[in-house]
Amino acid sequence: MKTENQTFGTEFILLGFFQYGQMNTVLFVTIVGLFSVTLMGNIILIHLIRLDTPLHTPMYFLLSQLSFIDMMYISTTVPKMAANFLSNNSKTIAFFGCEIQTFLFLTLGGSEALLGFMSYDRHVAICHPSHYPVLMSKTICLSMVTCAWASSSINALIHTLYVFQLPFCTSRIINHFFCEVPSLMPLVCQDTSQYEYTVLFSGLVILLLPFMAVLASYAQVLIVVYQMSSGKGQTKAISTCSSHLIVASLFYGTTLSTYTPHSLHYPEEDKVVAVFYSIITPLLNPFIYSLRNKEVMGAMRRVLG
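- The name an unreviewed UniProt entry assigns to the protein is G-protein coupled receptors family 1 profile domain-containing protein, from the organism Loxodonta africana.
- Recorded in UniProt for the protein, the comment headed Subcellular location (unreviewed entry) runs: "Cell membrane".

Topic: the overall build of the protein
Thinking step 1. Within the protein, the secondary structure is distributed over 11 helices and 3 strands.
Thinking step 2. Tracing the protein from N to C terminus, the helices and strands come up as β-α-α-β-α-α-α-α-β-α-α-α-α-α.
Thinking step 3. At 21 Å, the protein has a C-alpha radius of gyration in line with the 19 Å of a compact globule built from 305 residues.
Thinking step 4. Reported as C-alpha extents along the three principal axes, the dimensions of the protein are approximately 70 × 40 × 30 Å.
Thinking step 5. Counting all 305 residues of the protein, 47% fall into the buried class.
Thinking step 6. Of the contacts formed within the protein by residues at least 6 apart in sequence, a portion of 79% connects residues at least 24 apart.
Thinking step 7. Summed over all atoms, the accessible surface of the protein reaches about 14800 Å², with 69% contributed by carbon and sulfur.
Thinking step 8. In the protein, 14 side chains carry a positive charge and 14 a negative one; their mean positions are 15 Å apart.

Here's the deal with the nonpolar core
Thinking step 1. The biggest cluster of nonpolar side chains holds 78 residues, and the ones touching the most others in it are Phe-12 and Phe-168.
Thinking step 2. If one sorts the elements of this core by residue count, helix H2 (residues 58-85) sits on top with 11 residues.

Some details on the layout of surface pockets
Thinking step 1. Empty space within the largest pocket amounts to approximately 560 Å³.
Thinking step 2. Lining the largest pocket are 22 residues, and of these Arg-122, Ile-126, Lys-236, Thr-240 and Asn-293 sit closest to its centre.
Thinking step 3. Elements represented by at least two residues in the lining of the largest pocket include exactly H2, helix H4 (114-127), helix H8 (193-226), helix H9 (231-258), helix H10 (267-290) and helix H11 (294-304).
Thinking step 4. At 6 residues, the largest contribution of residues to the lining of the largest pocket is made by H9.
Thinking step 5. Across the lining of the largest pocket, the residue classes tally to 13 nonpolar, 4 polar and 5 charged.
Thinking step 6. The space that makes up the second largest pocket amounts to roughly 200 Å³.
Thinking step 7. Together, Ala-113, Gly-116, Phe-117, Cys-147, Ala-148, Ser-151, Val-205, Ile-206, Leu-209, Pro-210 and Ala-213 line the second largest pocket.
Thinking step 8. Of all the elements in the fold, those that place two or more residues in the lining of the second largest pocket are H4, helix H6 (138-163) and H8.
Thinking step 9. Broken down by element, the residue count for the lining of the second largest pocket peaks at 5 residues, all from H8.

Section: the state of the cysteines
Disulfides are covalent bonds that connect the sulfur atoms of two cysteines.
Thinking step 1. The full count for this structure, using the stated rule, is 2 disulfides.
Thinking step 2. One disulfide bridge connects Cys-98 with Cys-179, the sulfur atoms lying 2.0 Å from each other. Measuring handedness by torsion sign, the sulfur bridge of Cys-98 and Cys-179 sits at about -120 degrees and is left-handed. With a gap of 81 residues between them, Cys-98 in helix H3 (residues 95-111) and Cys-179 in the loop between strand E3 (173-174) and helix H7 (181-184) connect regions that are remote in the sequence.
Thinking step 3. Assessed through its relative accessible area of 0%, Cys-179 is described here as buried.
Thinking step 4. Covalently, Cys-169 is tied to Cys-189 through a disulfide, its sulfur atoms 1.9 Å apart. You can see Cys-169 sitting in the loop between H6 and E3 and its partner Cys-189 sitting in the loop between H7 and H8, a full 20 residues away along the chain.
Thinking step 5. Sequence-ordered numbering of the bonded cysteines in the protein yields a pairing of 1-3, 2-4.
Thinking step 6. With no disulfide of its own, Cys-141 lies 13 Å from the sulfur of Cys-147, the closest cysteine sulfur.

Side note on the sheet that holds strand E2 (residues 92-94)
Thinking step 1. Read from one edge of the open sheet, 3 strands run E2-E1-E3, paired in mixed fashion. Because the sheet does not close on itself, it has two edges, and the strands there are E2 and E3.
Thinking step 2. In this sheet, E3 lies alongside strand E1 (residues 11-14) in parallel orientation, the contact comprising 2 bridges. Within E3, the position partnered with Ile-13 by the bridge is Ile-173.
Thinking step 3. Packed on one face of the sheet, H3 meets E1, E2 and E3 and runs near 80 degrees to E2.

Describing H8
Thinking step 1. An ideal rise of 1.5 Å per residue puts 50 Å on 34 residues; H8 measures up with 47 Å between its terminal C-alpha atoms.
Thinking step 2. Approximately 30 degrees is the largest bend angle found in H8, and it occurs at Leu-208, with the proline Pro-210 only one to four residues beyond.

As for the packing of H2 against H10
Thinking step 1. Two elements in contact, H2 and H10, have axes whose closest approach is 9 Å; the angle formed by their N-to-C orientations is 150 degrees. It follows from the interaxial angle that H2 and H10 lie roughly antiparallel. In this structure, H2 meets H10 at a crossing whose hand is left-handed. When H2 is examined against H10, the residues Leu-63, Leu-66, Asp-70, Tyr-73, Ile-74, Thr-77, Val-78 and Met-81 are found in contact with a partner set consisting of Tyr-277, Ser-278, Ile-279, Pro-282, Asn-285 and Tyr-289.
Thinking step 2. The class makeup of the residues in the contact of H2 with H10 is 10 nonpolar, 3 polar and 1 charged.

Conventions and cut-offs
- Just so you know, the residues in each chain are numbered from 1, in the order the chain's sequence is written.
- Under the rules for a predicted model, residues below a pLDDT of 70 receive no local features and side-chain atom pairs below 80 are neither given nor counted, while totals for whole chains, interfaces and linings still include all residues.
- Computation of side-chain values: all heavy atoms of the structure, hydrogens and water removed.
- UniProt positions are given in the numbering used here, feature names are shortened, and annotations may be inferred rather than shown by experiment.
- A run of DSSP states H or I qualifies as a helix once it reaches four residues; a run of E qualifies as a strand once it reaches two. Both are numbered from the N-terminal end.
- Note that the radius of gyration is over C-alpha atoms, with the globule rule given as 2.2 Å times the number of residues to the power 0.38.
- Under the scheme applied here, a residue whose accessible area is under 20% of the maximum for its type counts as buried, over 50% as exposed, and between as partly exposed, the area being computed with a 1.4 Å probe on protein chains only.
- In what follows, residue pairs with any heavy atoms lying within 4.5 Å of each other are defined as contacts.
- Shrake-Rupley sampling with a 1.4 Å probe provides the accessible areas, and residues are treated as covered by the protein chains on show and by no other component.
- None of His or the chain ends enter the tally, which takes Lys and Arg as positive and Asp and Glu as negative.
- Charge placement uses NZ in Lys and CZ in Arg. For Asp and Glu, CG and CD serve respectively.
- Only buried residues count toward a nonpolar core. Its members are Ala, Val, Leu, Ile, Met, Phe, Trp, Tyr and Cys residues joined through side-chain atoms within 4.5 Å.
- A cavity here means a set of points on a 1 Å grid, drawn over the protein atoms and nothing else, where a 1.4 Å probe fits but cannot get out; a pocket is an open set with protein on both sides within 12 Å along at least five of seven lines, and a residue lines either one if it has an atom within 4 Å of a point.
- Grid points are joined across faces, edges and corners, and a volume is the space filled by probe spheres set on the points.
- All residues other than Ala, Val, Leu, Ile, Met, Phe, Trp, Tyr, Cys, Pro, Asp, Glu, Lys and Arg, Gly among them, are scored as polar; the first ten of these are nonpolar and the last four charged.
- By convention in this document, the label disulfide applies to cysteine sulfur atom pairs within 2.5 Å.
- When DSSP locates at least two bridges between a pair of strands, those strands are taken to pair.
- Comment: axis = line fitted to C-alpha atoms, over the contacting stretch for helices; angle = value between 0 and 180 degrees taken between N-to-C directions.
- Helix span, as expected, comes to 1.5 Å for every residue beyond the first.
- Each residue is assigned a bend, namely the angle between axes fitted to the seven residues that terminate at it and the seven residues that start at it.
- Any angle between 65 and 115 degrees counts as roughly perpendicular, while under 35 counts as roughly parallel, over 145 as roughly antiparallel, and the rest as oblique.
- Throughout, a crossing is termed right-handed when the near helix is turned clockwise from the far one, and left-handed when it is turned anticlockwise from it by less than a right angle.

Pasting the structure below:
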């Protein structure tokens, strides 16, 4: 098959969800609404943590980092997708723009490993409270954040550089609403099966390990909580842990399913699944970690008062 000259002037075409005007208008309103709520929720949470001194703790520092990641995460894909919903012309994205979007999306997605560190923080606070100042010191907390950003950035850079030097076919149509590695694989004019297993392996390392840490940490937390005599404390801990586990499972489960070899799933399924890890989880995180948290709500009352 012929390949086209891959210069920064080359453009890809994003098919998006649907190709019908009325449906796209409905989707535009819905997506913009979700995007606005997500941005506001995360911005408010970051400012509360910054302004309220009692929230200057390791847990809330990690939470502010997660909120920043979620804001950037949804901003990487949604503005372009929303603009394409109303576009009557070809929904193009420049070669270089697609490359930047892929790199940012991989970096921010990998940085969600902070969910694992946040569960470890709760594990130490509940299971080993006397050792908390040592096990969650400022140095260790900063090391966690640095590790999450550095590992995800290196992983994203390697995959982005490799994918965008591959020979793309004359078809430039990406059957997705943004650029990511799995959606680009069908456009490559050579066998990518070996590379796709490499993508799966790196996904297991970057995504599955933090998820296992979340499961292990909360399992030990629940064991300790069940030994408490207070039924109210048990109910509260179970409610909190279950909501955190649901959001973490939603993010890691849907992401891992997408980054399996593309022969195992269909593009239409990928687009629906991608909505969950690219839009829904950034929307849920600030509400799960704030509205159900008395310390955050108390900080909001103090700041507003």
